[in-house]
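Architecture at a glance
Given next are the chains, with one letter for each unit.
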There are 2 protein chains.
Amino acid sequence: MKRVITALMLSAGIATGYAQEALGFIMPERSPEVNPDSTVTFRLRAPEARSVGVTGIGMQPIPMEKDSTGLWSVTTRLRPDLYTYAMLVDGMRIIDPSNVYVARDIASLSNVLIVPGGNSAYYAVQDVPHGSVRKVWYDSPTLGKERRMTVYTPAGYENNPDRKYPVLYLLHGMGGDEDAWNELGRASVILDNLIAQGKAEPMIVVMPNGNGEMTAAPGQTGEGMYVPDGKYSRSQTGKFENSFKDIIAYTDSHYRTIPDKAHRAIAGLSMGGGHSWRTSMQMPDTFDYVGLFSAAVRWNGNGVEDTEELTAPLKRQFADAPRLYWIAIGKDDFLYSLNEDYRKLLDTTGLPYEYHESEGGHTWTNWRDYLLLFLPRLFK
Amino acid sequence: MKRVITALMLSAGIATGYAQEALGFIMPERSPEVNPDSTVTFRLRAPEARSVGVTGIGMQPIPMEKDSTGLWSVTTRLRPDLYTYAMLVDGMRIIDPSNVYVARDIASLSNVLIVPGGNSAYYAVQDVPHGSVRKVWYDSPTLGKERRMTVYTPAGYENNPDRKYPVLYLLHGMGGDEDAWNELGRASVILDNLIAQGKAEPMIVVMPNGNGEMTAAPGQTGEGMYVPDGKYSRSQTGKFENSFKDIIAYTDSHYRTIPDKAHRAIAGLSMGGGHSWRTSMQMPDTFDYVGLFSAAVRWNGNGVEDTEELTAPLKRQFADAPRLYWIAIGKDDFLYSLNEDYRKLLDTTGLPYEYHESEGGHTWTNWRDYLLLFLPRLFK
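Definitions and limits used
- Per chain, residue numbering runs from 1 following the sequence as it is written.
- As a convention, the first chain written is A and the first ligand written is 1, with the rest following in written order.
- With the structure being a predicted model, the display of local features is reserved for residues of pLDDT at least 70 and the display and counting of side-chain atom pairs for 80 or more, all residues being used for whole-chain, interface and lining totals.
- Only heavy atoms go into the side-chain values, all of them from the structure, while hydrogens and water stay out.
- A run of DSSP states H or I qualifies as a helix once it reaches four residues; a run of E qualifies as a strand once it reaches two. Both are numbered from the N-terminal end.
- In this description, contact between two residues means that some pair of their heavy atoms is separated by no more than 4.5 Å.
- Every axis corresponds to a line fitted to the C-alpha atoms, with the helix fit spanning only the stretch in contact, and the corresponding angles, defined between N-to-C directions, vary from 0 to 180 degrees.
- The labels follow the angle: roughly parallel below 35 degrees, roughly antiparallel above 145, roughly perpendicular from 65 to 115, and oblique for the rest.
- Relative accessibility under 20% of the residue-type maximum defines a buried residue, over 50% an exposed one, and the middle range a partly exposed one, all with a 1.4 Å probe and only protein chains included.
- Two strands pair if DSSP finds at least two bridges between them.
- Expected helix span is computed as 1.5 Å times (number of residues minus one).
- Salt-bridge detection follows one rule: a side-chain nitrogen of Lys or Arg within 4 Å of a carboxyl oxygen of Asp or Glu.

A few words now on the side chain of threonine 286 of chain B. Structurally, the position occupied by threonine 286 of chain B is in the loop between α8 (271-282) and β16 (289-293). In contact with threonine 286 of chain B, not counting residues within four places along its chain, are Ile248, Asp260, Lys261 and Arg264 of chain B.

It is worth spelling out the packing of helix α8 (residues 271-282) of chain A against helix α9 (residues 308-319) of chain A at this point. All names here are of chain A. Close contact between α8 and α9 brings their axes to 8 Å; oriented N to C, the two are set at 70 degrees. Taken together, the axes of α8 and α9 are roughly perpendicular relative to one another. Facing Trp277, Ser280 and Met281 of α8, the residues of α9 in contact are Leu310, Pro313, Leu314 and Gln317.

Residues and elements named next belong to chain A. The buried fraction of strand β13 (residues 167-171) is high, at five of five residues. Going residue by residue along β13, you find Val167, Tyr169 and Leu171 tucked away on one face and Leu168 and Leu170 tucked away on the opposite face as well. For β13 and strand β14 (residues 204-208), the ladder comprises three bridges, and the chain directions are parallel. What sits directly across from tyrosine 169, in β14, is valine 206. Strand direction decides the pairing type here: β13 and strand β15 (residues 264-269), joined by five bridges, are parallel. Paired with valine 167 across the two strands is arginine 264, which belongs to β15.

Attention now moves to helix α10 (residues 336-349) of chain A. Helix length check: α10 of chain A (14 residues) gives 20 Å between terminal C-alpha atoms against 20 Å at 1.5 Å per residue, within 8%. In the stretch just after α10 of chain A, glycine 350 of chain A is the one whose phi turns positive, near 75 degrees.

We now examine the pattern of salt bridges. All names here are of chain A. In this structure the tally under the stated criterion is 32 salt bridges over all chains. The partner of arginine 79 in a salt bridge is aspartate 81, and the shortest N-O contact between them spans 3.5 Å. Given a relative accessible area of 4%, aspartate 81 falls into the buried group. Because the salt bridges share partners, they merge into one network encompassing Arg104, Lys135, Arg148, Asp177, Glu178 and Asp179.

In structure tokens, the structure reads:
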């Protein structure tokens, strides 16, 4: 292997080129390596380190062992899933240098690992027709700025200029941005795979930035690189929900949509679940499918109370009830009791919904699972 | 700062969420920090490390000093530019954990740092109208597969449905893929900035994958995660050039292009310079603008010789000479003499071209500079 690469580098002069900019052609270890018996081996060459482990998988770091050459490794059995992890070297969290697949969440990167089996088949890119993913800028008069969003169009969209499509508006949680559902949620990969299997209708998926104060993901605006500040704390003021008509107007005017309630869905996780909740309530004739994933269904920043202020708009929305109003949460989610309160409110008010309760908590593992369950229900 | 973030995490339960998936909200050091005096400070908290440095900037690592708290740092003066770097901890190359801005090149990641001033203003995202970037799949009958490419459409494209645009086909080097020009080359940012200043015509930029054996960037295909193999060595067989008509056919049928020679440009770096060279030669009536950046102008895998086999197609191309045939290379580039030979061949054959010679070598710093010089010359 090393011979091949070296030969390549010389023939193309890449060694020279990179040496000059020192991007460095790193000859990586195989890490992580999924073994034939479905165990996974992590490797890190760190001869001088005193302790090395894998962090992010499970609650405790997985310790690695050093061999005589200074190569640390550990082989462990992981259930099929998409994992995000990093390595701990003498207590310092680093990206696995051998794994270029990383996802950003707020101000940290983690490596991505897919252990085959089960739902992983939906999270891995397969040899199926692929949709397109666009980073576009839309005008939001309500928020007074041009804002960026990610738009998925299904395979065939470009080649069927007369076909119109339904739209799912898919919203991220606090700390996320217009990249979150595609990066951590694998939305476009999941859509490609479900559509290819005929399990989901071909649809357009619009992933806006739910932080009303932001124009785009960190590093994509004139504000430059990301430095944590108070912005995210101003993302649940209702402003974003009030601006949602701008997102729909852009989508319906720039894509071949079917612009009616029966062909619109809105779903989100955590804060985005709250956004989906309020937006669908405020626009009762707009969405026939609503998905609340681990949703922050806080009314006035607090819990949900059986008040006219809340039940009146809910009753308006349910006067022509959505075809699917889907609530999902994990047993260990810190928002479990909030969602329990909300379900009680819906029950006492006599408003119909479907409920899915999973293991686990407030995690992307659950949100990807929920998306897998929700998508096949749409636009049928 | 820490208080704000902590408050946020609790209010949104992000701490919980991340703890469960252990994406880990890392409270980053400020690294790198560009100081008011334009020096740059790099920081890394690594109490147990014995040596820490910054690598990738200049030929030698920049050593960092440890303070009593275990925080390593160094402040250095860097000329304005976009830099890619990493950190060396006891000899192990890692990504700066405080800097989420990374770019992939072949099988390694590097952090991105922009030091303001000079051309950096073009490399940094500014508050100007932004174009859209799409990852699309096109059919290549010639190569017998669907393949992925990156397409930039300028600001206003979506809102001016009747306007047609010229097209630049922009090709990466060996080891790159359809992401390289946008990630390491900052192409879409450079275009946004030049167009906003009226220095470049609004244009569509098509960035295909020049490795004919590949369908898409690593991790974007059913082949899964990237493992170095011999594929890149099979990228200069002429196959890709022969398939270029498929790329043009897709572009002209899916975007509002002006489909004639006067409104088509092709440019590339290194291997992509070779691809641009051969493709423009094979399609003499197709491109009025040709850019050869540090180009691998190898004929039959060797150098350039004054043979009929080479001069005949060149003369055909120049019978109706391109409006701009632009050759650029750095004095230290390992392809300098190859390009010198090629210029001599053009001179003796009496074929007109423009030549730009820069300092430095086979680097993205030069290729970004060349793009900045080349774009304003197009479609005028």
